[in-house]
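Secondary and tertiary structure notes
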Amino acid sequence: MSAAGSTIPPTTAPRRLLARLRDVMAGAEAAQDRLNRVTSIIAADMVAEVCSIYVRRAGDVLELFATQGLSADAVHVTRLRIGEGLVGDIAAHANPLALSDARNHPNFAFRPETGEEAFHSFLGVPILRAGRVVGVLSVQNVTPRKYTEEETETLQTVAMVLAEMVASGQLIGRDELAPIDGIALKPLRLEGTRFNAGLGIGQAVLHEPRFTVEKIVAEDPDAELERLRTAFTAMHGQLERILDIGPLSNGDGGEHEDVLEAFRLVAEDAGWLRRTEEAVLSGLTAEAAVLKVKNEMRARLGSATDPYLRERVHDLEDLGNQLLRQLTGQVGQAQSELPEHVVLVARNMGPAEFLEYDHTRIRALVLEEGSASSHVAIIARALDIPVVGQVRDILSKIANNEAIIADGDNSQIFIRPSEDIQQTFHATRKHKELIKAQYAQLKDLPAKTRDGVEISLNINAGLLFDFDQIEAVGADGVGLYRTEVPFMVRAEFPDVEAQRTLYEKVLDRANGKPVVFRTIDVGGDKVLPYWDQFDEENPAMGWRAIRISLDRPAILRQQLRALVRAAKGRNIYVMFPMVAEVEEFDAAKKLLQRELDRERERGGILPEKVHTGVMLEVPALALQLDKLMPRVDFISIGSNDLMQFLYATDRGNPHVSDRYDILSPFALGFLKHVRDRCDQAGVPVSVCGEAAGRPLEAMALIGIGFRRLSMPPPAIGPVKEMIRSMAARPVASFVHSLLEMPRVSIRQRLRDFAKDHGIEI
Ligand code: PEP
Ligand code: MG
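Report follows, based on the coordinates.

Reading guide: rules and limits
In every chain, residue numbers begin from 1 and rise along the written sequence. Think of it this way: whatever chain is written first is A, whatever ligand is written first is 1, and the rest follow in order. Where totals are concerned, whole chains, interfaces and linings use all residues; where local detail is concerned, this predicted model gives features only for residues with pLDDT of at least 70, and gives and counts side-chain atom pairs only at 80 or more. Calculated side-chain values reflect all of the structure's heavy atoms, with hydrogen atoms and water omitted. Because water is not among the atoms used, a metal site may look incomplete, as its donors are only the N, O and S atoms within 2.8 Å, or 3.2 Å for Na, K and Ca. The way it works is that DSSP assigns letters per residue, a run of H or I at least four long becomes a helix, a run of E at least two long becomes a strand, and they are numbered from the N terminus. Exposure categories follow from relative accessible area, calculated using a 1.4 Å probe and restricted to protein chains: below 20% of the type maximum is buried, above 50% is exposed, and the middle band is partly exposed. Pairing of aromatic rings covers Phe, Tyr and Trp, the last through its six-membered ring, and needs centres within 6.5 Å; plane angles under 30 degrees mean stacked, over 60 mean edge-to-face, and all others mean tilted. For this document, the term salt bridge refers to a Lys or Arg side-chain nitrogen within 4 Å of an Asp or Glu carboxyl oxygen. Here a residue is considered near a molecule or strand provided that any single heavy atom belonging to it is located within 4 Å of it. Any pair of N or O atoms that falls within 3.5 Å is considered a polar contact. Within protein, one atom must be able to donate a hydrogen and the other to accept it, and sequence-neighbouring residues count only if both atoms are side-chain atoms. For every accessible area listed, the method is Shrake-Rupley and the probe measures 1.4 Å; residues are considered covered only by the protein chains on display. Just so you know the grouping, Ala, Val, Leu, Ile, Met, Phe, Trp, Tyr, Cys and Pro go in nonpolar, Asp, Glu, Lys and Arg go in charged, and all remaining residues, Gly too, go in polar. Note on contacts: a residue pair is in contact if any heavy atoms of the two residues lie within 4.5 Å. Any two strands with at least two DSSP-identified bridges between them are counted as paired. Angles run from 0 to 180 degrees between N-to-C directions of axes, and those axes are lines fitted to C-alpha atoms, restricted for helices to the stretch in contact.

Let's talk about the coordination of the magnesium ion (ligand 2)
- Around the magnesium ion (ligand 2), the donor atoms from the protein are Glu 617 (OE) and Asp 641 (OD), and they sit 2.1 to 2.2 Å away. Of this pair, Glu 617 sits in the loop between strand 19 (610-616) and helix 19 (619-622) while Asp 641 sits in helix 21 (residues 639-646); the two residues are 24 residues apart in sequence, bridging distant segments of the chain.
- You can call Asp 641 buried: its relative accessible area is 3%.

With respect to the packing of aromatic side chains
- Overall, the coordinates contain 12 aromatic pairs when judged by the stated rule.
- Summarising the aromatic geometry, the rings of Phe 487 and Phe 493 are spaced 5.1 Å apart at their centres and angled 80° between planes, so their arrangement reads as edge-to-face.
- On the basis of relative accessibility, which here comes to 2%, the residue Phe 487 falls in the buried class.

Quick word on unusual backbone geometry
- Even without being glycine, Ala 545 reaches a positive phi, approximately 50°.
- Not every positive phi belongs to a glycine, and Met 578 is a case in point at roughly 60°.
- Positionally, Met 578 belongs in the loop between strand 18 (572-576) and helix 18 (582-601).

Describing the pattern of salt bridges
- Applying the stated criterion across every chain yields a total of 41 salt bridges.
- For Asp 468, the salt bridge identified is with Arg 509, shortest N-O distance 3.2 Å. Of the two residues, Asp 468 sits in helix 13 (residues 468-473) while Arg 509 sits in helix 15 (residues 496-510), which places them 41 residues apart along the sequence.
- Arg 677 is the salt-bridge partner of Asp 626, the closest N and O atoms lying 2.3 Å from each other. Pair noted here: Asp 626 is in helix 20 (residues 625-628) and Arg 677 is in helix 22 (residues 665-681), with a separation of 51 residues, a long-range link.
- Taking the relative accessible area as the measure of exposure, Arg 677 reaches 23% and is therefore partly exposed.
- One continuous salt-bridge network, built from bridges that share partners, spans Glu 484, Arg 518, Asp 521, Arg 544 and Asp 641.

Digging into the site of ligand 1
- Close to ligand 1 lie 13 residues, the nearest being Arg 482, Arg 518, Gly 638, Asn 640 and Arg 651.
- The separation between an oxygen atom of ligand 1 and a polar side-chain atom of Glu 617 is 3.0 Å.
- Contact distances for ligand 1 include 2.7 Å between an oxygen atom and a backbone N or O atom of Asn 640.
- Relative to its unbound accessible area of 290 Å², ligand 1 is 99% covered by the protein chains.
- Counting residues per element, the ones that place at least two in the shell around ligand 1 are strand 16 (478-482) and helix 21.
- Residues of the shell around ligand 1, tallied by class, amount to 3 nonpolar, 4 polar and 6 charged.

So, the side chain of Thr 157
- One can find Thr 157 in helix 4 (residues 149-167).
- Taking the relative accessible area as the measure of exposure, Thr 157 reaches 1% and is therefore buried.
- Here Thr 157 is in contact with Leu 18, Ser 282, Leu 284 and Lys 292, once residues within four sequence places are set aside.

Considering the sheet that holds strand 4 (residues 97-99)
- Judged by pairing direction, the sheet is antiparallel, and its 6 strands sit side by side in the order 3-2-1-6-5-4 without closing on themselves. Looking at strand neighbours, the two that pair on one side only are strand 3 (79-81) and strand 4, the edges of this open sheet. Strand-to-strand twist of the sheet, defined as the mean angle between neighbouring strand axes without regard to direction, takes the value 20°.
- Examined bridge by bridge, strand 1 (residues 50-57) and strand 6 (residues 132-141) share 6 bridges and lie antiparallel to one another. Among the inter-strand pairings, Val 55 is bridged to a residue of strand 6, identified as Gly 135.
- Contacting strand 1, strand 5 (121-129) and strand 6, helix 4 runs over the sheet at an angle of about 45° to strand 5.

Things to note about the environment of Gln 238
- When you line up the elements, Gln 238 lands in helix 5 (residues 221-243).
- Remark: the alpha-carbon pair of Gln 238 and Gln 326, spanning 88 residues in sequence, is separated by 9.1 Å.
- Contact partners of Gln 238, with chain neighbours within four places excluded, come to Gln 326 and Glu 356.

So this is what it looks like as structure tokens:
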């Protein structure tokens, strides 16, 4: 809030123009007449021979709606597709374009009916409304000239005024404002991405924070500035209330608290307030200024691929809406009466907006955009609400109150499902609840085969609330704690103390059960928001995991220091990821030893025992087992990466990721070789890739001798049920009999065997 109270020189140029436009906008003329007048006022004010307004119509075309200077015959005749011509280019990229010689631009599209061949220079800006391009505003001059940044700014401010007029439905019907594809009332199945598993059925509530801002142009900018600052202060008070209620505020230090903290920091970002104040000083009302900054930010950064930037944009949008609510006094949908079973549908939303809804009524969240690590997804996960994201154009395909099913397990949604589909899903949900209850009953029973072989079942964890699952599913411990995950949701790199606090909580929650800390595995696709990224051709095989840790030892040392301190006399298990050479393990272990020495010297309590292990996920390491065995206390096989490197198939690419099967004689034989060598050397070995959590794969792994598996928490129940229904000896002989077969997959053989032997898979 540091910018509050500062003085910013008023921007007079747009103010003067806005004052003139205000009178036109407030007049009683028909919308088209007002639009015509607007073009002549802008042209005169900006000393341009041409001013034109294009409005986006259904079918993604931009239609010339009004012009001063171009041929009047072209109005409502000239149409450009998005991406076509300069105007289409502006709409496609939502960016202004200033050219001193327009005809040299590769995208210039000549339209003879307009008579624009006489004009050399061109300045155009998008007309943005709620982050969507609803039109384009342009000026043109005969003589080649350079438009200044101030002129671009002025035109953008004016575009803001026009956006409201376009969106008001006075020029074109409201139904044309949002592109509607698909047949409006047919049932529809859409695919998305799973951000959180689970099934939610209910009525759609479209989260469209549409604010009607009636007054755009300020009468008294100083008074507006005062209103803006008061609203900022009120918004902060309001935020404290929203963010501090509900089950998320139990102070247990979960990552959702980091998310909320990062959000608070954004709320206090001085740059945002400053830009908004500048917009007020250019002549807009406080609410119009908030809208302007919000729209521009979205247009500028909305397509950013950097997850950090995208999250900031959503946080700022969320805050912009909170601020608008303060300024306009309008209550959001969250405050209106909600149906009993709500499936919330949004383009994207921030954590505060989400938490404003009564979460006990929300059965699922569906997003057009987002990512699994987006802030709202993390909060929803903490509340156990299913989330399906990246569902394209969902908002244009559904209306409020329509029936909707969000199936997080299968990454799909059903809009207006027929009665029988609804019934099927209700039955599925009931069945799932039943099965869940059955698995819950298994939780205290041993994971023991019918012939008495005990299997250790552990969970893979990332966020703090995953640790509650150890007890909930009855796991033996945490076989893989992906320590980079909490780093990924923070706004900045956590220092030693922050890491120590987190790891201490982790160990407390594990309550004496072992937790394998995998040291930070960032790089590749696991991006830390606050690290500079550089392009790599093959990021999975790039500068990641232990490679970064050894090149930047301070990061690893800080993490190890935090861990040693957090242990406070307890046992710790440390595992290094992506080790390809034994020497890398030695170097990492040396860093760990230095941290232990350091702790001893400062008189701290040392861990009771430090178990140091390696993650086997690079095939090269599997060919160095002789050297590796004497050095390690345990090995965990990361089958996700191991399989992708073994077969040279990208694990995230659906075209190839299923091409080779871990249930093949070769892959199982390879894993068996590693297991046998560990057995001979007396080194405990586990499998912690996704395969371990699939009952059929787990059966085969047990068949080749694995006795320790680690998997996502929801997989523990089904795998335990499978184990309790199998006998280890016959499975082992059957799997071994298949290992010599020249097959790509023995999946079907295993499945038939399981069926014939009553094994629950
Ligand atoms: C693996 O590679 O199998 C693994 C468990 O690690 P991650 O999925 O985190 O790369
Ligand atoms: Mg891995």
